[in-house]
Structure formats: C-alpha cells, structure tokens
Amino acid sequence: MQHRKPAVGNGRPSGTDGSDFSYRMVVDSRYTKVAKGKSRLSALIFTQAIVQLVGVVSLLLSIPKGEGPNTLAISSTAISFLSLLVGELGRRRSRVNFLRFYMFASSIAVTISIARVGSSNFLAEVIRDQSRWETKKFELFNIAGVLLGLLLQIYTVSTTISLIHNMSPPKRAS
C-alpha cells in the first residue's frame, strides 16, 4: 500500500496533482452581480431616506401659519417611507416581489411629488418676478429636493431591475 507524501513546499494539498481544476466549483457571475447590486441598492435606499427626511423637515418649516400641510405632500411622504421599508426588506431577504413593490410604490411617491410641485404656480411666479426668490427659499429647496428625488429614482429603478434580473433563476431552453 502506497501512502502519498504530504506537500510541504509547493502549497498544493496532498493528494492532488493539479489536474482536478476542471471539477472544482466556480461561482456563477450572477451571484457576484447580485451581491454588488444589493450593495448599490442599499446605498441608494439610504440616500433616498436622507432626501426624504430633508424634504419632510423643509416641508414642515415652509408650512404657513394657520394652514395645514398639503395632502399630496403627506401622501407622497407616507408612500415613500413605506416603500423604503419594503425595499430594504426585499433587498436583505432577496424577495423579488418586495423589490417590485418598492419600485412601484417609490415611483408613485415621486410622481405625486412632481404633481405637487407642478400644481403650484410658484416656479412660474419666481421666474416672472425674480425678486421673490429670496422670500420663498423653502419652496425652491422643495423643488430641488423633488428633482434630486426624481434623478435618484431613475437610477434606483434601473439598479433594482438589474438586481431582480440577476436574482431570478435563468430560463432553461427547452
């Protein structure tokens, strides 16, 4: 009975001559893409949460005395925070349906925010009378926040679609 000599100097484990490389497992690139996509989506969700918090603070500071907050602003904020929670759960647990809901709900929230900004005549008033921008800083800040949220949403949707595509098992050819 022959015993194999342990490999001492060359770093190769005993019992292999290096010819078994074709039988070793290789990590599919799809899993690497999922890990990178989850990491990127985590950063995007965090950024969206920060933008939302800044928007809420700005909205609360810009409410005129005696008036209640805008119902569109409240609904957009509520939908957005709910979608961020569901998106984070979907990202952590690799739930495709949660990620789809996150994309849909956050897109609705951004659309409501754009409708809110579009329905106010504030921007047209400032363009006509540029001396008023000094007194309406919070509204300008809200508009900038909505535009930043829109750009962030576009990038987040493309990242989430890519992540969902890589999470789904590949289709088998029949």
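Calculation rules
- Residues numbered from 1 in each chain as written.
- Predicted model: local features only at pLDDT ≥ 70, side-chain atom pairs only at ≥ 80, totals over all residues.
- Heavy atoms only, no water.
- Helix = DSSP H or I, 4+ residues; strand = E, 2+ residues; numbered from the N terminus.
- Buried < 20%, exposed > 50% of the residue type's maximum accessible area, 1.4 Å probe, protein only.
- Contact = heavy atoms within 4.5 Å.
- Expected span 1.5 Å × (residues − 1).
- Patch = residues over 30% accessible without salt bridge, like charges linked within 9 Å, V, L, I, M, F, W, Y side chains within 5 Å.
- Areas by Shrake-Rupley, 256 points an atom, 1.4 Å probe, with all protein chains shown as cover.
- Salt bridge = Lys/Arg side-chain N within 4 Å of Asp/Glu carboxyl O.
- Core = buried A, V, L, I, M, F, W, Y, C linked by side-chain atoms within 4.5 Å.

1. Notes on the side chain of Thr159
- Examined against the element boundaries, Thr159 turns out to sit in helix 5 (residues 137-167).
- On the basis of relative accessibility, which here comes to 5%, the residue Thr159 falls in the buried class.
- The residues touching Thr159, leaving out its near neighbours within four places in the chain, are Gly37, Arg40, Leu41 and Leu44.

2. Some words on the environment of Arg40
- If you trace the backbone, Arg40 turns up in helix 1 (residues 29-62).
- A relative accessible area of 37% places Arg40 in the partly exposed class.

3. Things to note about helix 2 (residues 71-93)
- The end-to-end C-alpha separation of helix 2 is 33 Å, in line with the 33 Å expected for 23 residues at 1.5 Å each.
- Within helix 2 the residues assigned to the buried category are Ala73, Ser76, Thr77, Ser80, Ser83, Leu84, Val86, Gly87, Glu88, Gly90 and Arg91.
- For helix 2, the elements touching its buried residues are helix 1 and helix 3 (96-119).

4. A closer look at a nonpolar patch on the surface
- Together, Phe46, Ile50, Leu53, Val54 and Phe141 make up an exposed nonpolar region whose accessible area comes to about 490 Å².
- Sort the elements by how many residues they give to the nonpolar patch and helix 1 lands first, with four residues.
- Along the polypeptide, Phe46 turns up in helix 1.

5. Description of unusual backbone geometry
- The backbone of Ser94 shows a phi angle near 55°, a positive value even though the residue is not glycine.
- Examined against the element boundaries, Ser94 turns out to sit in the loop between helix 2 and helix 3.

6. A few points about the pattern of salt bridges
- Taken as a whole and judged by the stated rule, the model has two salt bridges.
- Among the salt bridges present, the one from Glu88 reaches Arg91, with a minimum N-O distance of 2.6 Å. Here the residue Glu88 and the residue Arg91 both occupy positions in helix 2, the gap between them amounting to three residues, near one helical turn.
- By relative accessible area, which is 18% here, Glu88 ends up buried.
- Take Arg91: its relative accessible area is 13%, and that puts it in the buried class.
- Glu88 is the salt-bridge partner of Arg92, the closest N and O atoms lying 2.8 Å from each other. Placement of the pair is Arg92 and Glu88 together in helix 2, with a separation of four residues, close to one helical turn.
- Note on Arg92: relative accessible area 61%, which makes it exposed.
- A network of salt bridges, in which partner residues are shared, links Glu88, Arg91 and Arg92.

7. Some words on the nonpolar core
- Grouped together as the largest cluster of nonpolar side chains are eleven residues: Val34, Leu41, Ile45, Leu84, Val96, Leu99, Tyr102, Met103, Leu163, Ile164 and Met167.
- Within the residue set of this core, elements represented by two or more residues are helix 1, helix 3 and helix 5.
- If you tally residues by element for this core, the top one is helix 3, at four residues.
- When residues no more than four places from it in sequence are discounted, the contact partners of Val96 are Ile164 and Met167.

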